[in-house]
Number of protein chains: 2
Amino acid sequence: MPRPRSDDKRNRILDAATRVIVTQGLSAPTMGIAKEAGIANGSLFTYFETKSELFNQLYLELKQEMASVAMKDFPTEADLQDQFFHIWRNWGTWALHSPEKRKALAQLTVSDEITSETRIAGHRLMSAIGELLERVRSAGPMRKVPMSFVITLMNSVADATMDQMIQDPKHAKNHCKNGVEALWRMLA
Amino acid sequence: MPRPRSDDKRNRILDAATRVIVTQGLSAPTMGIAKEAGIANGSLFTYFETKSELFNQLYLELKQEMASVAMKDFPTEADLQDQFFHIWRNWGTWALHSPEKRKALAQLTVSDEITSETRIAGHRLMSAIGELLERVRSAGPMRKVPMSFVITLMNSVADATMDQMIQDPKHAKNHCKNGVEALWRMLA
DNA sequence: TGTACATGACTGTCCAGACAGATTACTAAA
DNA sequence: TTTAGTAATCTGTCTGGACAGTCATGTACA
């Protein structure tokens, strides 16, 4: 057997990319990412064929994390509103603890390096939340509004909320509550 | 007097930039913008010192247009909700007629080429709408929520609405109504 | 006729990705 | 346990292309 590729190194590259993207944006040289990860820039390309590939993988990784964080300790038996508040709190906590990951994800989301296949795969990761949202939508004032619109709305309110929490962490809990209540008024 | 700089040419550059940004993103070569505007690439730099400068100017120009479109035929005497619906309809119409400008503006907004001074100047252009929004906020369930948060929320709902309208123009009017009603439930 | 704009070839810089040689993890025969 | 063999990764230098901005020359307006 030949020399194996290390998962650890792959993760170090993804982590490094996250950090570098936050400070330098998506135009950051691969060289910088490699250096930050503690490897030669050439090695980066054995783990990710192209820079674009790296960004797409990172997008999925971050989206994945965001989805699984949201569902942590999910209260299966609680009522719909409590379930929603739960997810919201999880997101808030995550945003406060990993502001870099969130920033990087935001940059990747608006980038056109991310292919539509990657985006679709990303959506699939969020399907559990989508189903929950669907149950809220179909019973409220937005029952005749396309689901895609409702998803977009939820995402933007969530984003705005997390921004506010990060910008003014002292009242984070309050902002979190304000955000989810605003969403709830909108769709329930 | 020497040969004068032409305002027309300046506008042609800004228009060209809008179009090129939509199809190629902000990394579009200045060469392409110049060609699209029908001038030599060198000339672009007599009108805008740097590429960054061009983008900042374009951002302001678009923001300006968006603000003035919003206030067109403003019903000074109507009640608050009607005034808001009016603005919303104007935005919708604009989005349908100038989808390119909207896309370009969206790209510029998230770019870090746009300085904070430019952003502040951009906000000033929207102050009329801000004051209106303030009157709604201070009388509703969000009266204890920071204005900055409310502005962000309005912007995201507006964005989501316009996206939906462009994506499915047949039911644009409906989507427009759905959007503003969602906003209204949220803050009034 | 002077002054500023217009032009497009040109330059210096930057960077993604290739490459050639060094290194490593692992296997299997001795 | 040692050793030789193998196939992959790792490294850092190198290259080819792209691109923002310059500049020398030409041109048009007052």
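To be clear, the structure that these remarks concern was listed above.
In this text, all values refer to a predicted model and were calculated from it rather than measured experimentally. (Residues numbered from 1 in each chain as written. Chains lettered and ligands numbered in written order. Predicted model: local features only at pLDDT ≥ 70, side-chain atom pairs only at ≥ 80, totals over all residues. Heavy atoms only, no water.)

1. Re the pattern of salt bridges
Residue and element names in this part refer to chain A. For the structure on display, the rule yields 16 salt bridges over all chains. With a shortest N-O distance of 2.4 Å, R102 and D163 are connected by a salt bridge. Here R102, found in helix α6 (residues 99-110), pairs with D163, found in helix α9 (residues 147-167); they are 61 residues apart in sequence, far enough to count as distant. Residue R102 is classed as buried on the basis of its relative accessible area of 10%. (Salt bridge = Lys/Arg side-chain N within 4 Å of Asp/Glu carboxyl O. Helix = DSSP H or I, 4+ residues; strand = E, 2+ residues; numbered from the N terminus. Buried < 20%, exposed > 50% of the residue type's maximum accessible area, 1.4 Å probe, protein only.)

2. Quick look at the packing of aromatic side chains
The relation between two aromatic rings is expressed through the spacing of the ring centres and the mutual angle of the planes. Residue and element names in this part refer to chain A. On inspection of all chains with the given rule, the structure shows 6 aromatic pairs over all chains. Look at F85 and W184: their rings are 6.5 Å apart centre to centre, the planes differ by 75°, and that puts the pair in the edge-to-face class. Taken together, the residues F85 in helix α5 (residues 80-97) and W184 in helix α10 (residues 172-187) connect sequence positions 99 residues apart. On the basis of relative accessibility, which here comes to 16%, the residue W184 falls in the buried class. Sitting over the ring of Y47, R5 keeps its end group 5.7 Å from the ring centre. (Phe/Tyr/Trp six-rings, centres within 6.5 Å; stacked < 30°, edge-to-face > 60°. Lys NZ or Arg CZ within 6 Å of the ring centre and 35° of its normal.)

3. Observations regarding the interface of chain B and chain A
Counting from both sides, the interface comprises 21 residues of chain B and, opposite them, 21 residues of chain A. Carbon and sulfur atoms supply 69% of the area that chain B and chain A bury against each other, a total of about 1,800 Å² over both sides. At the junction of chain B with chain A, the criterion picks out 0 salt bridges. At the junction of chain B and chain A, the tally comes to 2 residue pairs in polar contact (both at pLDDT 80 or more). Those elements that place two or more of their residues in the side of chain B that touches chain A are α9 (147-167) and α10 (172-187) of chain B. In terms of residues, the side of chain B that touches chain A owes the most to one element, α9 of chain B, which gives 9 residues. For the side of chain B that touches chain A, the per-class residue count stands at 11 nonpolar, 9 polar and 1 charged. (Contact = heavy atoms within 4.5 Å. Buried area = accessible area lost by both parts, 1.4 Å probe. Polar contact = N/O pair within 3.5 Å; in protein donor to acceptor, adjacent residues only side chain to side chain. Nonpolar A, V, L, I, M, F, W, Y, C, P; charged D, E, K, R; others polar.)

4. Looking at the relation of the copies chain B and chain A
Overlay of chain B on chain A (RMSD 0.1 Å): rotation 180°, translation along the axis 0.2 Å. Such values leave the two copies arranged in the relation of a two-fold axis. Looking at the rotation axis and the C-alpha trace of chain B, the residue lying nearest is M186 of chain B, at 2.5 Å. The overlap is high: 95% of the interface residues of chain B also sit at the interface in chain A, so the same surface is used on both sides. (Least-squares fit on C-alpha atoms with pLDDT ≥ 70 in both.)

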